[in-house]
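Architecture at a glance
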Amino acid sequence: MLKEFFSSRKYIIFTGIFIGISAAFLQKLGNPANMGVCVACMVRDIAGALGLHRAEVVQYIRPEIIGFVLGSLIAALMFKEFKPRAGSAPLIRFVLGFLAMIGALVFLGCPWRTLLRLAGGDGNALFGLVGLVVGIWIGIFFIKVGYNLGRNQKTYPMVGWIMPVIMAGLFLLLIFRPQLPSGVVFFSSKGPGAQHAPVLIALVITLAIGFFAQRTRFCTVGAIRDVILIKDTYLFTGVISLLLAALVSNLILKQFHPGFQGQPIAHTNQLWNFGGMVLAGLAFTLAGGCPGRQLFLSGEGDADAAVFVLGMIAGAGFAHNFATASSSEGPGLWGPASVIVGLIICLIIGFSMSDLRQRRKET
Amino acid sequence: MNQRIDTRGLSCPLPVVAVRNKLLEMKKGILEVLVDTGTSKDNITRMATNTDWKVEVKEEGEEYLLTISK
């Protein structure tokens, strides 16, 4: 009975509203502006804290990411959906996670933050949103011509536990903050990395988000994909609920500042706001879901989704070390080039892992 | 003999897309679908019900057998 309750439309709307309000409040409680929850930014901060990049202003172990995975784990265990599985082209998923992060950091946000930036009045996010839709649309083209990363296999329980254990380890690093000779664990003393809500509040809220999202299958990329591909608006109602709830909360909390110039952690180069999200949208669609969804899947034992998340962490390190990530001044030195190369790689993946390749061989 | 699709191990959204294509092609009849995740079970059930097919779900251990008919 409870199972049906969670898969009803009411609860995807509830989940969207819960995430929207939570994000606005987490900003009020200290998280960076329009970044109450952002999977890309927060994974990037974790990569920085671990010393995988040295951008001093974005280093912090974000408990939100930990909460997402562990909340999903709790829901999956409670409802007998913890199903360890692996083996569906893991290396391709790593590459897709890597490239999705490159694209997201050119725009400066994942699909979740795209919505939160819009809800905060950031007009630049409109270009990111259009890019996201275009990227998803290209991904749908490949799905329609038989794109398939292959079947996964049931595997040993311990494989499914690896990601939750990594998250528990990160939590220990966050609480005990060991200082090693290399300087890790890094915690920003200024910039967005130094802005954060109290750890326990952020953890509890995101445990709840992880729980609800696992039950309702909340996915921002799936939302747009399903409307176009199978004319299903279930996930889309959740995303719209998130946007409206965040917008109303921001208006109440006086966090709504409409405009294009001087928006927090954003730039006004619209071509690359658009381009970055085309890449991210395509990579997420080829991998089967938005970065939040990948975290929730990794919490319920999907090791391929976990590999995607590890790809995102590696991509975040690369993005800052190789100057592909944007700043509020605009795209990084290698940002545009990295988007173009990333798109080419995604197109090759889409082409070579679909029926198109087969058809070409036959002709 | 009923038609059958095995979606086990396929990642989202391939199971629901495969079933949808098959249902569009069949127009009526009975289709059995083997599913191994709650997500695919929910997606397929929602899609089929929305397009006026009847869905029966049977849990078989860690998997589900969906019988879709019209």
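Notes on the structure in this doc start here. Worth saying up front: this structure is predicted, and the values here are computed from it rather than measured.

With that out of the way, let us pick up the nonpolar core. Residues and elements named next belong to chain A. By size, the foremost hydrophobic cluster in this structure holds 133 residues, and its most contacted members are C38, V43, M101, L105 and A283. Among the elements that line this core, the one with the most residues is helix α5 (residues 90-107), at 13 residues. Discounting chain neighbours no more than four positions away, the residues touching A283 are L96, L99, A100, G103 and C346.

To continue, consider the packing of helix α9 (residues 199-216) of chain A against helix α13 (residues 291-299) of chain A. Residue and element names in this part refer to chain A. The N-to-C vectors of α9 and α13 enclose an angle of 85 degrees; their axes lie 10 Å apart at closest approach. Between α9 and α13, the crossing angle belongs to the class labelled roughly perpendicular. Where α9 approaches α13, its residues G210, A213 and Q214 are matched on the opposing element by G292, F296 and G299. Here the residues of the contact of α9 with α13 are counted per class, giving two nonpolar, four polar and no charged.

Moving on to the interface of chain B and chain A. In this assembly, 17 residues from chain B lie in contact with 20 residues from chain A. For the side of chain B that touches chain A, the secondary-structure elements that each account for two or more residues are α1 (14-26) and α2 (38-50) of chain B. Counting residues per element, the side of chain B that touches chain A draws most heavily on α2(B), at five residues. Here the side of chain B that touches chain A is composed, by residue class, of seven nonpolar, five polar and five charged.

In an α-helix, one turn spans 3.6 residues, which is why side chains three or four residues apart end up on the same side. Residues and elements named next belong to chain A. Look at helix α2 (residues 9-28): 29 Å from first C-alpha to last across 20 residues, which is about the 28 Å you get at 1.5 Å a residue. The complete set of buried residues in α2 reads I12, T15, G16, F18, I19, G20, S22, A23, A24, L26 and Q27. Check the buried side of α2 and you find it contacts α6 (111-119), α9 and α11 (234-252). Backbone geometry just downstream of α2 places G30 in the positive-phi region, at approximately 135 degrees.

Calculation notes
Residues numbered from 1 in each chain as written. Chains lettered and ligands numbered in written order. Predicted model: local features only at pLDDT ≥ 70, side-chain atom pairs only at ≥ 80, totals over all residues. Core = buried A, V, L, I, M, F, W, Y, C linked by C-beta atoms within 7 Å. Buried ≥ 20, exposed ≤ 12 C-beta atoms within 10 Å, placed from the backbone. Helix = DSSP H or I, 4+ residues; strand = E, 2+ residues; numbered from the N terminus. Contact = placed C-beta atoms within 7 Å. Axes fitted to C-alpha atoms, helices over the stretch in contact; angles between N-to-C directions. Parallel < 35°, antiparallel > 145°, perpendicular 65-115°, else oblique. Nonpolar A, V, L, I, M, F, W, Y, C, P; charged D, E, K, R; others polar. Expected span 1.5 Å × (residues − 1).

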